[in-house]
Amino acid sequence: MKVLAAMSGGVDSAVAAARAVEAGHEVVGVHLALSRMPGTLRTGSRGCCTVEDSMDAQRAANIMGIPYYVWDFSERFKLDVVDDFIAEYSAGRTPNPCMRCNEKIKFAALLEKAMALGFDAVCTGHYASILTDADGNKQLHRAAAWAKDQSYVLGVLTADQINHSMFPLGATPTKAEVRAEAAERGFSVANKPDSYDICFIPDGDTKGWLGERVAQVTGDILDREGNTLGQHDGAVAFTVGQRKGLSIGTPAADGKPRFVLEVRPITNTVVVGPKEALAIREIAGNEYTWAGLAPEQPEVEFACHVQIRAHADPVPAVAQVVNGLEGALELRIIPNEPLAGVAPGQTAVVYVGTRVLGQCTIDRTVSAVPVFVTPASTASASPVPVNA
C-alpha cells in the first residue's frame, strides 16, 4: 500500500514508520507543524511538535531512505484544538486536547489530505491494534501491552478512519523493545524522553495559561443546597475534584474538607461539597460515536467496560442509547460501582473485551450521593431529593 507515516519526532512513530517500510509498503514521512510559533524549541518544553522534533523526524526518515515533508496544520490545530480547549473550559467543562487532536487533526485533516493525494492509509506510533472480524470488518482493539495501551485516545475514530489506519506497534509487548529496535536501526531518538502534558502549554501551568485568555469574573461559591459560602475570582480556574484554593472561610458542619463538585459558567458559580459526592453513578453524552460497526440494537442495554481517562482502569458497566433530558439521543453509561473524578467535557470510552466499541463526550453526571433540600413552604415536609 501507499502509506503516509505521521512522524512526531519521537521513537514510537519512527519505529512504526520503519516497520511499515519493512512490510513492503511505499512509505512517505510527514511531520505536522502544529505550533503557531515556528521558533519553538524543546528546551524547557514538555510537549511535542517543536522544531527539534521536526529535525529528529527528518533524521529518522533519512536513515530509512523515505521521502519526508513538513505540513503546516497550525491553523487547523488552533481552531480545532486550542480554541476548542478554551471554549470548553469557559463552558465549565474539562476537555481532553489530545483526544481532540486525534479526532480533528491526525485522523480527520491529515487522513483527508492523505486520501486526496492517493495514499491508502495513515501510519502512526500509537499503541493499539486493528483486528478483522469473521465478516471482514476492521475493529479497534487494545494493544498487547496494557501499560502502554493508547486505544483510549483513539476511541473517537470512525469505521472509515479505522479502515485507513495502521498501528504497527500494537503487538509489541514493551516500550523497551521499541527503544532497543530504534537503537539497532541507528535512530537518534532511541532514548528520547516521551512527551507529556498539553503540547501548547509547555510549562504545564494550565491555570495560568487560561487566565491570560479567559476573562475572570468574581462569582459565588455555593454548597449543594444552594447556600453561598464565599466568592471566587473566576470559575474557569476551578476543576471538578479540586480541593485546594477554595478560600472558604466557614468550615463545613462536619469539619471535613470540601471539594469542587460543579462549575456552572452560566451563573458563574462553583459548587462544592463532601468528597463522597464526587462518586458518580451515571454519565451520559449526546456527542457519541462508534469505532467500527455500531451495536445492532444500541437502544438495548448491553454490558461493557468504561474508561474515563487515558490512564484510568476500565470498570464494568452497562450502556445504552436513550432519549436524553432534552429529547436528544445520548449514550448513557451506568458503572457497576460509582466512578471518581468525573467531569463534563471528559471522554468516556466504551470497551467490549479488548475492542473499542465507541465513545462519548460527557455532558452530564449524576452523583451517587443525592442532595436533599427541605421545601421552604413547610418545615415539617419530607426532604426532596435533587439530582446533582
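Since the model is a prediction, treat every value here as computed from it, not as a measurement. (Residues numbered from 1 in each chain as written. Predicted model: local features only at pLDDT ≥ 70, side-chain atom pairs only at ≥ 80, totals over all residues. Heavy atoms only, no water.)

Student: Would you explain the overall build of the protein in this entry?
Tutor: Helix and strand counts for the protein come out as 7 helices and 21 strands. The C-alpha radius of gyration computed for the protein amounts to 23 Å, which stays within 12% of the reference 21 Å derived for 388 residues, consistent with globular compactness. Summarising its shape, the C-alpha atoms of the protein cover approximately 80 × 50 × 35 Å along the three principal directions. When the 388 residues of the protein are sorted by exposure, 48% land in the buried category. A separation of at least 24 residues holds for 63% of the contacts in the protein among residues at least 6 apart in sequence. Per element, the accessible surface of the protein, about 18,300 Å² overall, is 53% carbon and sulfur. Between the averaged position of the 34 positive side-chain charges in the protein and that of its 44 negative side-chain charges there is a distance of 4 Å. (Helix = DSSP H or I, 4+ residues; strand = E, 2+ residues; numbered from the N terminus. Rg over C-alpha atoms; globule rule 2.2 N^0.38 Å. Buried < 20%, exposed > 50% of the residue type's maximum accessible area, 1.4 Å probe, protein only. Contact = heavy atoms within 4.5 Å. Areas by Shrake-Rupley, 256 points an atom, 1.4 Å probe, with all protein chains shown as cover. Lys, Arg positive; Asp, Glu negative; His and termini not counted. Charge placed at Lys NZ, Arg CZ, Asp CG, Glu CD.)

Student: Can you help me understand the packing of aromatic side chains in this one?
Tutor: Between two aromatic rings, the relevant description is the distance of the centres plus the angle of the planes. Considering all chains together, one arrives at 8 aromatic pairs under this definition. The interplanar angle of 70 degrees and the centroid separation of 6.0 Å between the aromatic rings of Phe77 and Phe200 together place this pair among those described as edge-to-face. With a gap of 123 residues between them, Phe77 in helix α3 (residues 74–90) and Phe200 in the loop between α6 (175–184) and α7 (206–211) connect regions that are remote in the sequence. In this structure, Phe77 and Phe200 share a single accessibility class: buried. Pairwise contacts between aromatic rings join Phe77, Phe85, Tyr89, Phe200 and Trp209 into one cluster. One cation-aromatic arrangement involves Lys2 over Phe119; the distance from NZ or CZ to the ring centre is 4.8 Å. (Phe/Tyr/Trp six-rings, centres within 6.5 Å; stacked < 30°, edge-to-face > 60°. Lys NZ or Arg CZ within 6 Å of the ring centre and 35° of its normal.)

Student: Help me understand the packing of α3 against helix α4 (residues 97–116) in this model?
Tutor: A pair of packed helices is characterised by two quantities: the angle between their axes and the separation of those axes. Following both chains from N to C, one finds α3 and α4 inclined at 160 degrees, their axes separated by 9 Å at the closest point. Here α4 runs roughly antiparallel to α3, going by the angle between their axes. At the point where α3 passes α4, the crossing takes the right-handed sense. Touching Arg76, Phe77, Asp80, Val81, Asp84 and Phe85 of α3 are Pro97, Arg100, Cys101, Lys104, Ile105 and Ala109, all from α4. Considered class by class, the residues forming the contact of α3 with α4 number 7 nonpolar, no polar and 5 charged. (Axes fitted to C-alpha atoms, helices over the stretch in contact; angles between N-to-C directions. Parallel < 35°, antiparallel > 145°, perpendicular 65-115°, else oblique. Left-handed = near helix turned anticlockwise from the far one by under 90°. Nonpolar A, V, L, I, M, F, W, Y, C, P; charged D, E, K, R; others polar.)

Student: Explain the sheet that holds strand β10 (residues 259–264) here, please?
Tutor: The strands making up a sheet associate through backbone hydrogen bonding, with each pair oriented either parallel or antiparallel. Taking strand neighbours across the sheet as the criterion, the 4 strands line up as β9-β8-β11-β10 in an open arrangement whose pairing is mixed. Strand pairing shows two members of the sheet lacking a second neighbour, β9 (228–232) and β10, which therefore form its edges. Within this sheet the neighbouring strands show an average axis-to-axis angle of 30 degrees, counted without direction. Strand direction decides the pairing type here: strand β8 (residues 219–222) and strand β11 (residues 269–273), joined by 2 bridges, are parallel. Pairing of Ile221 across the sheet is with Val270, part of β11. (Pairing = 2+ DSSP bridges.)

Student: I tried to follow the confidence of the model for the protein on my own but got confused; where do I start?
Tutor: Close reading of the predicted structure is inappropriate where its pLDDT is low. When pLDDT is averaged across the protein, the result is 88; 91% of the residues are at 70 or more. Counting interchain partners and residues more than four positions distant, the pLDDT-below-50 stretch residues 38–47 has 27 contacts. Segment residues 373–388: pLDDT under 50, and 23 contacts once partners within four positions in sequence are set aside and those in other chains are kept. (pLDDT = per-residue confidence, 0-100.)

Student: Would you mind showing me how to read the packing of helix α1 (residues 11–22) against α6 here?
Tutor: Across the interface, α1 lies against α6 with an axial gap of 10 Å and an inter-helix angle of 70 degrees. Judged by the angle between their axes, α1 and α6 are roughly perpendicular. Once α1 is placed against α6, the crossing between them reads as left-handed. Counted together, Val11, Asp12, Val15 and Arg19 of α1 and Lys175, Val178, Arg179, Glu181 and Ala182 of α6 form the full contact between these two elements. Grouping the constituent residues of the contact of α1 with α6 by class yields 4 nonpolar, no polar and 5 charged.

Student: I tried to follow α4 on my own but got confused; where do I start?
Tutor: Each full turn of the α-helix corresponds to 3.6 residues, which orients residues three or four apart in the same direction. The sharpest bend along α4 measures roughly 25 degrees and falls at Leu110. If you check which residues of α4 are buried, you get Pro97, Met99, Arg100, Cys101, Asn102, Ile105, Phe107, Ala109, Leu110, Leu111 and Ala114. The distance from a side-chain oxygen at the start of α4 to the backbone nitrogen of Cys98 is 3.1 Å, and the residue carrying that oxygen is Asn96. Positive backbone phi, at 95 degrees, marks Gly118, one or two positions downstream of α4. (Bend = angle between axes of the 7 residues up to and from the residue. Polar contact = N/O pair within 3.5 Å; in protein donor to acceptor, adjacent residues only side chain to side chain.)

Student: Please clarify how the environment of Leu140 should be interpreted in this entry.
Tutor: Tracing the backbone shows Leu140 in strand β6 (residues 138–142). Judged by relative accessible area, Leu140 falls into the buried class, the value being 0%. Excluding residues within four positions of it along the chain, Leu140 makes contact with Ala128, Ser129, Ser151, Leu154, Ile162, Phe167, Thr354, Arg355 and Val356.

Student: Just checking my understanding: could you explain the pattern of salt bridges for this structure?
Tutor: Where charged atoms from two side chains of opposite charge approach closely, those side chains can pair. The final tally for this structure, using the stated rule, is 22 salt bridges. A salt bridge links Arg93 to Asp363; its shortest N-O distance comes to 3.3 Å. Of this pair, Arg93 sits in the loop between α3 and α4 while Asp363 sits in the loop between β18 (355–361) and β19 (364–367), and the two are 270 residues apart along the sequence. Since its relative accessible area comes to 14%, Arg93 is described here as buried. Judged by its relative accessible area of 25%, Asp363 is partly exposed. Arg185 serves as the salt-bridge partner of Glu181, at 2.9 Å between the closest nitrogen and oxygen. Note on Glu181: relative accessible area 15%, which makes it buried. (Salt bridge = Lys/Arg side-chain N within 4 Å of Asp/Glu carboxyl O.)

Student: Just checking my understanding: could you explain the nonpolar core for this structure?
Tutor: The nonpolar side chains of a soluble globular protein tend to be buried, and buried together. Counting 29 residues, the largest nonpolar core has Leu4, Leu110 and Phe200 as the members making the most contacts within it. Not counting residues up to four positions away in its chain, the partners in contact with Phe200 are Phe77, Val81, Val82, Phe85, Pro97 and Trp209. The next biggest cluster of nonpolar side chains, apart from the first, holds 28 residues, and it includes Ala5, Val11, Ala14 and Val27. (Core = buried A, V, L, I, M, F, W, Y, C linked by side-chain atoms within 4.5 Å.)

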